[in-house]
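Survey of secondary and tertiary structure
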Amino acid sequence: QVQLVESGGGLVQAGGSLRLSCVASGRTFSDYAMGWFRQAPGKERDFVASISRSGGNTYYTDSVKGRFTISRDNAKSTVYLQMNSLKPEDTADYYCAARSRPVPSYTGGSSPGEYDSWGQGTQVTVSS
C-alpha cells in the first residue's frame, strides 16, 4: 500500500486560508486517485474532496464548493487541499486517502470505505 503523510494544518481565524499537503510514498502515485476527508470530535469521518489519477476530474462536498480546491502534482507525489474563506465549522482533523480504483463520477469517491490507504491526519482549527 501507499504511505501517506499530511502536513499544513494549524490554527487560523475565520476567513483565513490554509493549504494542506499530503506526500505519498511506496507506490506509483499516479496509479491512485486521492481524497481528503475530515473528522470533527465526536463525529463521523466526512468526505471533503477527491481528485482523479490525472487530476482532470475533481469532486467536492457541497459545503466546501467555491472555497476549497484539491489539486495534485504527480511528479512530486503530492496532493494538496487549498482552503480559503475558512469557517469555524471547518474545524476538524483532515485526512488524505488513496484509492487504487478510479473515482466514479456518480459518487465522487465520497465513501471512506472505497479508499485503501490513509494518512495520520493534520489538525485544522478555525477560530471565530
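Just so it is clear, the structure is predicted and the values come from calculations on it, not from any experiment. (Residues numbered from 1 in each chain as written. Predicted model: local features only at pLDDT ≥ 70, side-chain atom pairs only at ≥ 80, totals over all residues. Heavy atoms only, no water.)

**With respect to the overall build of the protein chain**
Each helix and strand in the protein chain was counted, giving 0 helices and 11 strands. Mapped from its N terminus to its C terminus, the protein chain presents α and β elements in the order β-β-β-β-β-β-β-β-β-β-β. For a compact globule of 128 residues, the expected C-alpha radius of gyration is about 14 Å, and the protein chain comes in at 13 Å, within 12% of that figure. Along the three orthogonal principal directions, the C-alpha set of the protein chain runs to about 40 × 30 × 25 Å. Classification of the 128 residues of the protein chain by burial places 45% in the buried group. Sequence-distant contacts in the protein chain: of pairs separated by 6 or more residues, those separated by 24 or more amount to 58%. Accessible area for the protein chain stands at about 6200 Å²; split by element, carbon and sulfur atoms hold 44% of it. Charge centroids of the protein chain, computed over 13 positive and 11 negative side chains, lie 4 Å from each other. (Helix = DSSP H or I, 4+ residues; strand = E, 2+ residues; numbered from the N terminus. Rg over C-alpha atoms; globule rule 2.2 N^0.38 Å. Buried < 20%, exposed > 50% of the residue type's maximum accessible area, 1.4 Å probe, protein only. Contact = heavy atoms within 4.5 Å. Areas by Shrake-Rupley, 256 points an atom, 1.4 Å probe, with all protein chains shown as cover. Lys, Arg positive; Asp, Glu negative; His and termini not counted. Charge placed at Lys NZ, Arg CZ, Asp CG, Glu CD.)

**Quick notes on the packing of aromatic side chains**
Scanning the entire structure with this criterion turns up 4 aromatic pairs. Chaining the aromatic ring pairs together yields one cluster made of Phe37, Phe47, Tyr115 and Trp118. Directly above the ring of Tyr95 sits Arg45, whose terminal nitrogen or CZ lies 3.7 Å from the centroid. (Phe/Tyr/Trp six-rings, centres within 6.5 Å; stacked < 30°, edge-to-face > 60°. Lys NZ or Arg CZ within 6 Å of the ring centre and 35° of its normal.)

**Details of the sheet that holds strand β3 (residues 18-25)**
Hydrogen bonds between backbone groups are what pair the strands of a sheet, and the pairing can be parallel or antiparallel. Judged by pairing direction, the sheet is antiparallel, and its 4 strands sit side by side in the order β1-β3-β8-β7 without closing on themselves. What marks the edges here is a single partner per strand, and that holds for β1 (3-7) and β7 (68-73). In this sheet, neighbouring strand axes are inclined to one another by 15° on average, regardless of whether the strands run parallel or antiparallel. Of the strand pairs in this sheet, β1 and β3 are connected by 5 bridges, and their pairing is antiparallel. (Pairing = 2+ DSSP bridges. Axes fitted to C-alpha atoms, helices over the stretch in contact; angles between N-to-C directions.)

**Details of the environment of Asp93**
Along the chain, the position of Asp93 falls in strand β9 (residues 92-99). Considering only alpha carbons, one finds Asp93 and Arg38, 55 residues apart in sequence, at a separation of 5.4 Å. Dropping the residues within four chain positions of it, Asp93 is found in contact with Phe37, Arg38, Gln39, Thr122 and Gln123.

**Concerning the pairing of β9**
Among the 8 residues of β9, 7 are classified as buried, and the element is accordingly described as predominantly covered. Where strand β4 (residues 33-39) and β9 come together, 7 bridges link them in antiparallel fashion. Paired with Met34 across the two strands is Ala98, which belongs to β9. Two strands pair when backbone bridges link them, and β9 and strand β11 (residues 122-127) are joined in this way by 3 bridges, in the antiparallel orientation. From the neighbouring strand, Tyr94 faces β11, where its bridge partner is Thr122. Here 2 bridges tie β9 to strand β10 (residues 117-118), and the two strands are oriented antiparallel to one another. Bridge pairing in β10 places Ala97 opposite Trp118.

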